[in-house]
Amino acid sequence: MLPGVVAGVAGYGNCLGLPNVGGEVVFDKTYAGNPLVNAMCVGSMRAEDLHLAHASGAGNKIILFGARTGLDGIGGVSVLASATFDGEESAGGRKKLPSVQVGDPFTEKVLIECCLELFAEKVVVGIQDLGGAGLSCATSELAAAGDGGMYVDLDRVPLRATGMTAAEILSSESQERMCAVVAPSDVDAFMEICRKWDVIATEIGEVTDGDNLVIGWQGETVVDVPPRTVAHQGPVYDRPYARPTKQDEVQASTPDSLPRPSTPDELRETVLKLVSSPDLASREWVTQQYDRYVRGNTVLAQPADSGMIRVDESTSRGVAVSTDCNSRYVYLDPYRGTQLALAEAYRNVAAGGAQPLAVTNCLNFGSPEDPGVMWQFERAVHGLADGCAELGVPVTGGNVSFYNQTGDTAILPTPVVGVLGVIDDVRRRIPTGIGDEPGESLLLLGDTRDEFGGSAWAHVVHGHLGGMPPEVDLERERLLAEILVAGSRDGMISAAHDLSDGGLVQAVVEMALIGQCGARLLLDPDATRSCSCSPSPRAARSWPCRAARNCGSPRCAARADCRGASAVSPTSSRASWRSRTSRRSVSTNSARRGRAPSRHCSPENAALTRETGRRSTASRPVRRVCVRIQETGSALAPSPG
Amino acid sequence: MTARIGVITFPGTLDDVDAARAVRYSGAEAVSLWHGDADLHGVDAVVVPGGFSYGDYLRCGAIARFAPVMTSVIDAAGKGMPVLGICNGFQILCEAGLLPGALVRNDKLHFVCRDQWLRVENNTTAWSTRYDSGAEVLVPLKSGEGSYMAEQSTLDRLEGDGRVVFRYVGENPNGSRGDIAGIASENGRVVGLMPHPEHAIDALTGPSDDGLGMFYSALDALSTVAA
Amino acid sequence: MARVVVDVMPKPEILDPQGQAVAGALPRLGFDGVTEVRQGKHFELEVDDSVDDDTLAKIAEGFLANPVIEDWTIRRVDQ
Amino acid sequence: MARVVVDVMPKPEILDPQGQAVAGALPRLGFDGVTEVRQGKHFELEVDDSVDDDTLAKIAEGFLANPVIEDWTIRRVDQ
Ligand SMILES: Nc1ncnc2c1ncn2[C@@H]1O[C@H](COP(=O)(O)OP(=O)(O)O)[C@@H](O)[C@H]1O
């Protein structure tokens, strides 16, 4: 299943030319019969270019453009997420058709380019994509958002299959189609642009001064309704919900009595087991199949806490995104678990140096007809709503997916939260890997508590899921984000990584692997400097981003910044270019901020602060993580906030 | 006079903005060329960028090579105009017969996106003079069909004539014959490679700025001709 | 030993973007008169005589083709 | 109108990773006795009667196949 999903994301996404900058991969047996694929896509535009999905102005034309309409995906939305796939239901007397569409990313890519040009040329009044329930949904939503009625002639819809019924044409979910409202005087220009991009475009109707959406087919009127009744006045369900009786039992089964590693050998074994478990192992096999470079604006991508994209080359303004959900936490306590998902995504965005600004989410749950599932859903939504209110970030969109279950077994409740942040200057981003300079100190921010409910350790080592998830303190989360954002702006932080699944040890292992250097942890609560690292000689060869190697100076930050700032000025660099390439490489992936740290942070308020110039206590490269343990368990505890 | 370097856009081309940016970073003027327009608008050199022209349906580059603009590119290349094909552009140049051989599915069947070390084997082509011979450069590779294939006699000829310009260093990422990452035409004016120099022009957004060397090289080649 | 050919084609009602791209390109190349193109896969298998038609059908249906969206045909060919 | 089938196969000396992947997977799925698999493309064209064999050969050689790495065959089939 996994290779197919990855190939699907890669095949479509790479061909569309969208850099894939982040995500997460989670395994659980409840997903085996019901895999979830959630995608978050971020675009940027000028506010004044916003085009709304509405049809107004009697006489304006309705134009359907993009792919032809076929029999694929009929009833997709309703059929796909249903518990039973075995129904012999037939579409217009035919044998049941596959409800999954064959995607055509090339047509989509061309359609997107075509749309952008249509917008730029200002020839659209309103526009709507065709998603679930196809044309029926698009026309009624366009009409409902407008001020008049609409007439649509189904006979004009370009079809791919013969003998389609009106109902099939209306509900087909063939992909790569759009519906636009165009003023009559712009129709020629509209059609010309579509021709340029080889996009089929057909006038299928017009905005009327009536009140109703009227749809004709083969000389008959097949639909005549006030569009708002279709678009906005759908049935409202009031599903009963109830806290499952076994919830108490689940929460009472705490991980407190699980045996913890008590000797260095046991600890070593535990750490190795954790880092190599499917949930925590490297995602490179997946991310190598995704194009993260296309369009040339990727500033941070996997493996980093958040993906970061430069949106404006002249100002270096950028956005950062992260999507997260630990469904084991949500299962133990849907309200708190969802807030933890929010907190993690929020923290990941801040860890890159961006100010979190907006939230989206995809709420994946089992059957809402099960009162227990409905309770999870209700708690999760409240958790997210309250959490966003407390953090002061709006939810600007999202998606809900129900009926994710195999037989009677629902998936773990999986409210995936996506957070979007903005950074004024992407050159001041904070990367994840350590080891840019010798002698960096790692500082741990936040409290580490004895909290193992839903932890990776309990899951991987003991196959245990019970107790309560870690506490969440959103006020502290907000404060932490402020520190990280300020630290990025002031150039104080050379690397940061959030602690989530797998806790401190996982975080440090990842930072070390990404930076290709080792680290030594001292878990002494009284020590002010708890960790240090030093670059490994390997770095020069296989990881090209040792800034220090490129400028010849151990303090290369200033130079790194000027390279990032203006790229390479043609006159100055042309002359020196050859000499630079004659060395192995001129790479400076981690070249970033310039300002030397102006002040040091105390361990309480800095994430991971570079203490510039101070030599590492480790005199030789450390190739593996050395953990000297005082409090045995705490190296494994997830520590939000 | 600033050199003018054309960057072609086919339906499904993705890395044209990147190629144009690289051209600008090197100090030249980037000129957009449209696949359906046979006019090269007086450019001095052409970059055929990466992406999925025509969705890579049929074969990568198979449909794009028949575009009107390619007829002009083939013509201009015949007269010595420097042409660089990157990734899909390399595939198009091979399909068009400007470069020998073909690119087939990666041996492990997966799309591969990674930072790839390359060795500069020939620093005398129009696109590689700025590198020292034997220099190793780091450039992103991102392709599903990047494995270079040709008949043995063709491979022998390429090797014998020193027309292998870039070679993969370390583990071969896609099964390419002879670890070939990029090759040149007989006269060294047309170069095609699978990795993406236009994604390595700035340490902020790429693994290095090593890729700029190819664009500077072309500018040198153009100014030499003019002088 | 026998050579077996399995052809796998997208079902008629399923979108075939590859075939469409080919069909769309032909007139531009100056080839008229091709009204439709569909593209599928062609497998050539060398099989031991122990492999019967039933097994071959299972291989085609269960592995070479995705029966949700594809049809397949099998034939043995002389070598 | 006629239906024309064009099969395009990787040349024998060209590595065929897709065919190899299929061949490698079959034993794991419990199918033994398939000693070799090669994977190519199968095109079905609907052509006007005006299109002669010569034109079809040009379409195959110049477009559907890349003669550097692929061989092709054409046949007209009854409908
Ligand atoms: N499905 C995916 N798509 C894209 N990127 C992914 C995907 N899964 C993981 N990643 C990236 O891989 C890196 C490591 O993932 P993971 O271990 O899940 O990180 P986290 O520390 O957030 O749990 C991150 O940069 C993440 O963005």
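Basis of the calculations
- Residues numbered from 1 in each chain as written.
- Chains lettered and ligands numbered in written order.
- Predicted model: local features only at pLDDT ≥ 70, side-chain atom pairs only at ≥ 80, totals over all residues.
- Heavy atoms only, no water.
- Helix = DSSP H or I, 4+ residues; strand = E, 2+ residues; numbered from the N terminus.
- Buried < 20%, exposed > 50% of the residue type's maximum accessible area, 1.4 Å probe, protein only.
- Contact = heavy atoms within 4.5 Å.
- Areas by Shrake-Rupley, 256 points an atom, 1.4 Å probe, with all protein chains shown as cover.
- Rg over C-alpha atoms; globule rule 2.2 N^0.38 Å.
- Lys, Arg positive; Asp, Glu negative; His and termini not counted.
- Charge placed at Lys NZ, Arg CZ, Asp CG, Glu CD.
- Pairing = 2+ DSSP bridges.
- Axes fitted to C-alpha atoms, helices over the stretch in contact; angles between N-to-C directions.
- Parallel < 35°, antiparallel > 145°, perpendicular 65-115°, else oblique.
- Left-handed = near helix turned anticlockwise from the far one by under 90°.
- Near = heavy atom within 4 Å.
- Polar contact = N/O pair within 3.5 Å; in protein donor to acceptor, adjacent residues only side chain to side chain.
- Nonpolar A, V, L, I, M, F, W, Y, C, P; charged D, E, K, R; others polar.
- Patch = residues over 30% accessible without salt bridge, like charges linked within 9 Å, V, L, I, M, F, W, Y side chains within 5 Å.
- Salt bridge = Lys/Arg side-chain N within 4 Å of Asp/Glu carboxyl O.
- Buried area = accessible area lost by both parts, 1.4 Å probe.
- Core = buried A, V, L, I, M, F, W, Y, C linked by side-chain atoms within 4.5 Å.
- Phe/Tyr/Trp six-rings, centres within 6.5 Å; stacked < 30°, edge-to-face > 60°.

Caption draft 1: Geometry of the overall build of chain A. Within chain A one finds 20 helices and 19 strands. Residues classed as buried in chain A amount to 53% of the 641 residues present. Put simply, of all contacts in chain A between residues at least 6 apart along the chain, 83% involve residues at least 24 apart. Put simply, chain A shows about 27,700 Å² of open surface, and 52% of that area lies on carbon and sulfur atoms.

Caption draft 2: Inspection of the overall build of chain C at higher detail. Along chain C, the regular secondary structure elements total two helices and three strands. A compact globule built from 79 residues should have a C-alpha radius of gyration of about 12 Å, whereas chain C, at 16 Å, is more than 25% larger. Looking at chain C residue by residue over its 79 residues, the buried ones come to 47%. Sequence separation of at least 24 residues holds for 75% of the intrachain contacts in chain C that already meet a minimum separation of 6. With the model as given, the accessible surface of chain C reaches about 3,700 Å², and the carbon-plus-sulfur share is 49%. Across chain C, 8 positive and 16 negative side-chain charges occur, with their mean positions spaced 4 Å apart.

Caption draft 3: The pairing of strand E3 (residues 149–153) of chain A, seen in detail. All names here are of chain A. Summarising burial for E3: four of the five residues are buried, a large majority. In terms of strand pairing, E3 meets strand E5 (residues 201–208) through four bridges, oriented antiparallel. Residue pairing in the sheet places Gly149 in a bridge with Thr208 of E5.

Caption draft 4: Representation of the packing of helix H13 (residues 371–391) of chain A against helix H15 (residues 474–489) of chain A within the structure. Residue and element names in this part refer to chain A. Following both chains from N to C, one finds H13 and H15 inclined at 45°, their axes separated by 9 Å at the closest point. In this view, H13 runs oblique relative to H15, as classed from their interaxial angle. The chirality of how H13 crosses H15 is right-handed. Contacts from Gly387, Glu390 and Leu391 of H13 reach H15 at Leu474, Glu475, Glu477 and Arg478.

Caption draft 5: The arrangement of the site of the ligand in detail. All names here are of chain A. The immediate surroundings of the ligand are formed by 14 residues, with Gly22, Gly23, Glu24, Val25 and Ala304 found nearest. With respect to the ligand, the backbone of Gly22 contributes an N or O atom lying 3.4 Å from a nitrogen atom. Within the backbone of Glu24, one N or O atom sits 3.4 Å away from a nitrogen atom of the ligand. Out of a free accessible area of 550 Å², the ligand has 86% covered by protein chains. Tallied by class, the residues present in the shell around the ligand amount to four nonpolar, six polar and four charged.

Caption draft 6: Highlighting a negative patch on the surface. Residues and elements named next belong to chain A. On the surface, Asp386, Glu390, Glu471 and Asp473 cluster together to form a negatively charged patch. Within the secondary structure, Asp473 sits in the loop between helix H14 (456–462) and H15. Residue class for Asp473 comes out partly exposed when judged on its relative accessible area of 36%.

Caption draft 7: Representation of the interface of chain B and chain D. With 16 residues of chain B at the contact, the number on the chain D side is 16 residues. Interface area, chain B with chain D, both sides summed: about 1,300 Å², of which 67% is carbon and sulfur. Run the count over chain B and chain D and you get one salt bridge. Among the ionic pairs, Arg59(B) bridges to Glu70(D), the shortest N-O distance being 3.8 Å. Where chain B packs against chain D, one counts five residue pairs in polar contact (both at pLDDT 80 or more). Here the residues of the side of chain B that touches chain D are counted per class, giving eight nonpolar, two polar and six charged.

Caption draft 8: Summary view of the environment of Met374(A). Residue and element names in this part refer to chain A. Of note, Met374 is situated in helix H13. You can call Met374 buried: its relative accessible area is 13%. Expressed as a C-alpha distance, the spacing of Met374 and Gly22, which sit 352 residues apart in the sequence, is 30 Å. Those residues in contact with Met374, other than ones at most four positions away along the chain, are Arg239, Pro240, Tyr241 and Pro368.

Caption draft 9: Expanded view of the pattern of salt bridges. Applying the stated criterion across every chain yields a total of 45 salt bridges over all chains. Here the salt bridges do not stand alone but share partners, grouping Arg310(A), Glu313(A), Asp18(B) and Arg21(B) into one network.

Caption draft 10: Spatial organisation of the nonpolar core. In terms of nonpolar packing, the biggest core is built from 122 residues, with Phe65(A) and Phe190(A) touching the most fellow members. The greatest single-element share of this core, amounting to eight residues, is contributed by helix H5 (residues 212–226) of chain B. Counting 34 residues, the second-largest nonpolar core is a separate cluster that includes Ala350(A), Cys388(A), Ile423(A) and Ile493(A).

Caption draft 11: Fine view of helix H3 (residues 88–95) of chain B. With eight of eight residues buried, H3(B) is to be regarded as a mostly interior element. Of the residues flanking the end of H3(B), it is Gly97(B), one or two places downstream, whose phi is positive at about 80°.

Caption draft 12: Looking closely at the sheet that holds strand E15 (residues 414–423) of chain A. Residue and element names in this part refer to chain A. Strands sit in the order E8-E9-E10-E15-E11-E12 across an open sheet of six strands; the sheet is mixed. Lying at the two open borders of the sheet, with one neighbouring strand each, are strand E8 (298–300) and strand E12 (395–401). For this sheet, the mean inter-axis angle between neighbouring strands, taken without regard to orientation, is 25°. Pairing of strand E11 (residues 355–364) with E12 involves six bridges; the strand directions are parallel. Each bridged residue has a counterpart across the sheet, and for Cys362 the counterpart in E12 is Asn399.

Caption draft 13: Fine view of the packing of aromatic side chains. Counted according to the given criterion, the structure contains eleven aromatic pairs over all chains. Aromatic pair Phe65(A) and Phe190(A): ring centres 5.2 Å apart, planes at 85°, arrangement edge-to-face. With a gap of 125 residues between them, Phe65(A) in strand E1 (residues 61–66) and Phe190(A) in helix H6 (residues 187–196) connect regions that are remote in the sequence. Residue classification places Phe190(A) among the buried residues on the basis of a relative accessible area of 0%. Centre to centre, the rings of Phe106(A) and Tyr57(B) are 6.1 Å apart; their planes meet at 85°, and the pair counts as edge-to-face. Of this pair, Phe106(A) sits in helix H3 (residues 105–120) while Tyr57(B) is found in the loop between strand E3 (45–48) and helix H2 (68–78), placing the two residues in two different chains. Accessibility classification places Phe106(A) together with Tyr57(B) in one group, the buried group.

Caption draft 14: Broad picture of the environment of Met40(A). All names here are of chain A. Along the polypeptide, Met40 turns up in the loop between helix H1 (2–16) and E1. In this structure, the C-alpha to C-alpha distance between Met40 and Thr360, residues 320 residues apart in sequence, is 8.4 Å. Each residue touching Met40, except ones within four places of it in the same chain, is listed here: Val321, Thr323, Thr360, Gly418 and Val419.

Caption draft 15: Expanded view of the side chain of Glu198(B). All names here are of chain B. Summarising the element assignment, Glu198 is placed in the loop between strand E11 (190–193) and H5. Of the side chains with opposite charge, Lys142 comes closest to the buried, unpaired Glu198, at an N-O distance of 5.7 Å. At 2.8 Å, the side chain of Glu198 forms a polar contact with the side chain of His196. In contact with Glu198, other than residues within four places in its own chain, are Asp15, Asp18, Ala19, Ala22, Ile86 and Phe215.

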